[in-house]
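# Observations on the three-dimensional arrangement
Given next are the chains, with one letter for each unit.
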Amino acid sequence: MKILVTGGAGYIGSHTCKALALAGHEPIVYDNLSSGRRKLVRWGDFVHGDIRDTIALAGAMRAHAVDGVIHFAALADVGQSVSDPESYYSVNVAGSLSVLRAMRQTGVQSIVVSGSYSVHGQPDGIPIREDLPLLPQNPYARTKVVMEQMLADFGHAYGLRSAVLRYANAAGDDADGECGELHNPEHHLIPRLLMAAAGRIPALRIFGNDYPTEDGTCVRDYIHVTDLAEAHVSALGHLAAHDGPLVLNLGSGSGYSVKSIISEAETVLGRKIPHEWAPRRPGDPAWLVADPARAKAVIGWQARHSSLANILATAAAWHARAGFGGD
Ligand code: UDP
């Protein structure tokens, strides 16, 4: 199949293009390079464009005779969404609507989109299932809820087939070193930890040591980006044979605290990670772990690459070669 991948020059997008190509599909990357990188477009053609440009999108869908869409292009910084909600509603809501319009205009019926388990708010202590209530706590999460609702409504009215994949914490990098994480600025735990190990920052700041968890630091479910990429390919295959809307959580089902990640990283890297305590980061839930049972039952997906050791080893290898996003 020919698949238009919005945001295909980004972190999860580039890994998904590789997974599509490995599965015999042809990705066409559609990206405005606002945060994506041209050098991460290594599989399939590249179209430079903004998702809010419906004419350009529909033109790309027609020119490449696409069979389906994977939609990653979005803004994804919670703090920024609070200070600049207009941009978030513009890109994540109006942009997603533009993608759906272009699909209707060109007769493309199937779409897989990036969701987030932040749509549930802060369900500390409960593995997150798809049917928990939607209680978004910030503009970013609200834009994701609106997008999910648009997909369901387009499904009922126009027969659109959609799958929303709500991710746990994406981490790790391509084992072959062909693509990887390059955010600028970089806020995520594992690259920040590697920056501290490499002496690029004086120390990793651990946000909060008084959470109601075993060691006082926040617990998250870290899922290898290659596992996420494979899930998109499986979801597309599922949509070819089933009506939507489908909503699936993608996680490993296991939680790791910040402190346990530091100690595993010290083992994997064979060196100390300088770290210091810092105040809690506003809005951080204590404990977020996804229940991936439905993804296994419905699309036969489960995490295969997401051991903490593999996440850390692939991330360390990638950043040693490619640097960090700000380079
Ligand atoms: N974290 C931290 N120091 C950092 C970055 C992150 O202690 O420099 C913590 C953060 O508070 C959260 C976990 O690591 O508990 C994962 O954060 P990240 O930003 O990677 O992902 P999020 O869970 O916010 O999506």
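In this text, all values refer to a predicted model and were calculated from it rather than measured experimentally.

Cut-offs used in this document
Residues numbered from 1 in each chain as written. Predicted model: local features only at pLDDT ≥ 70, side-chain atom pairs only at ≥ 80, totals over all residues. Heavy atoms only, no water. Helix = DSSP H or I, 4+ residues; strand = E, 2+ residues; numbered from the N terminus. Rg over C-alpha atoms; globule rule 2.2 N^0.38 Å. Buried < 20%, exposed > 50% of the residue type's maximum accessible area, 1.4 Å probe, protein only. Contact = heavy atoms within 4.5 Å. Areas by Shrake-Rupley, 256 points an atom, 1.4 Å probe, with all protein chains shown as cover. Lys, Arg positive; Asp, Glu negative; His and termini not counted. Charge placed at Lys NZ, Arg CZ, Asp CG, Glu CD. Pairing = 2+ DSSP bridges. Axes fitted to C-alpha atoms, helices over the stretch in contact; angles between N-to-C directions. Near = heavy atom within 4 Å. Polar contact = N/O pair within 3.5 Å; in protein donor to acceptor, adjacent residues only side chain to side chain. Phe/Tyr/Trp six-rings, centres within 6.5 Å; stacked < 30°, edge-to-face > 60°. Lys NZ or Arg CZ within 6 Å of the ring centre and 35° of its normal.

### Notes on the overall build of the protein chain
Counting its secondary structure elements, the protein chain contains 10 helices and 14 strands. A compact globule built from 327 residues should have a C-alpha radius of gyration of about 20 Å, and the protein chain, at 19 Å, falls within 12% of that. With the principal axes as the frame, the protein chain shows a C-alpha extent of 55 × 40 × 40 Å. Counting all 327 residues of the protein chain, 54% fall into the buried class. The contacts in the protein chain between residues at least 6 apart in sequence include a share of 79% that link residues at least 24 apart. Carbon and sulfur atoms provide 50% of the accessible area of the protein chain, an area that totals close to 13700 Å². If you average the places of the 28 positive and of the 33 negative side-chain charges in the protein chain, the two averages end up 2 Å apart.

### With respect to the sheet that holds strand β6 (residues 161–167)
One open sheet holds the seven strands; their spatial order is β3-β2-β1-β4-β5-β6-β11, and the pairing between them is parallel. One side of each edge strand has no neighbouring strand; the edge strands of this open sheet are β3 (45–48) and β11 (246–250). Between one strand axis and the next, the sheet turns through 20° on average, direction left out of account. Bridge count between β6 and β11: five bridges; the pairing is parallel. Bridge pairing links L165 to L248 in β11. Contacting β1 (2–6), β2 (26–31), β4 (68–71) and β6, helix α1 (residues 11–22) runs over the sheet at an angle of about 170° to β1.

### Considerations on the site of the ligand
With respect to spatial proximity, 15 residues lie near the ligand, and among them N169, L189, R205, R281 and D284 are the closest. Between the ligand and R220, the relevant distance is 2.9 Å, taken from an oxygen atom to a side-chain nitrogen or oxygen of the residue. Between the ligand and the protein, one listed contact pairs an oxygen atom with a side-chain N or O atom of R281 at 2.6 Å. Protein coverage of the free-state accessible area of the ligand, which is 520 Å², stands at 85%. Of all elements in the fold, only α6 (189–197) and β8 (204–207) reach the threshold of two or more residues within the shell around the ligand. Broken down by element, the residue count for the shell around the ligand peaks at four residues, all from β8.

### Regarding the packing of aromatic side chains
Enumeration over the complete set of coordinates arrives at one aromatic pair. Centre to centre, the rings of F154 and Y158 are 5.0 Å apart; their planes meet at 80°, and the pair counts as edge-to-face. Here the residue F154 and the residue Y158 both occupy positions in helix α5 (residues 139–158), the gap between them amounting to four residues, near one helical turn. Taking the relative accessible area as the measure of exposure, F154 reaches 14% and is therefore buried. In this structure Y158 comes out as partly exposed when scored by relative accessible area, which is 40%. The ring centre of Y158 lies 3.5 Å from the NZ or CZ of R104, which sits over that ring. The side chain of R280 reaches across the aromatic face of Y211, ending 3.9 Å from its centre.

Remember, this is a structural readout, not a statement about activity or role.
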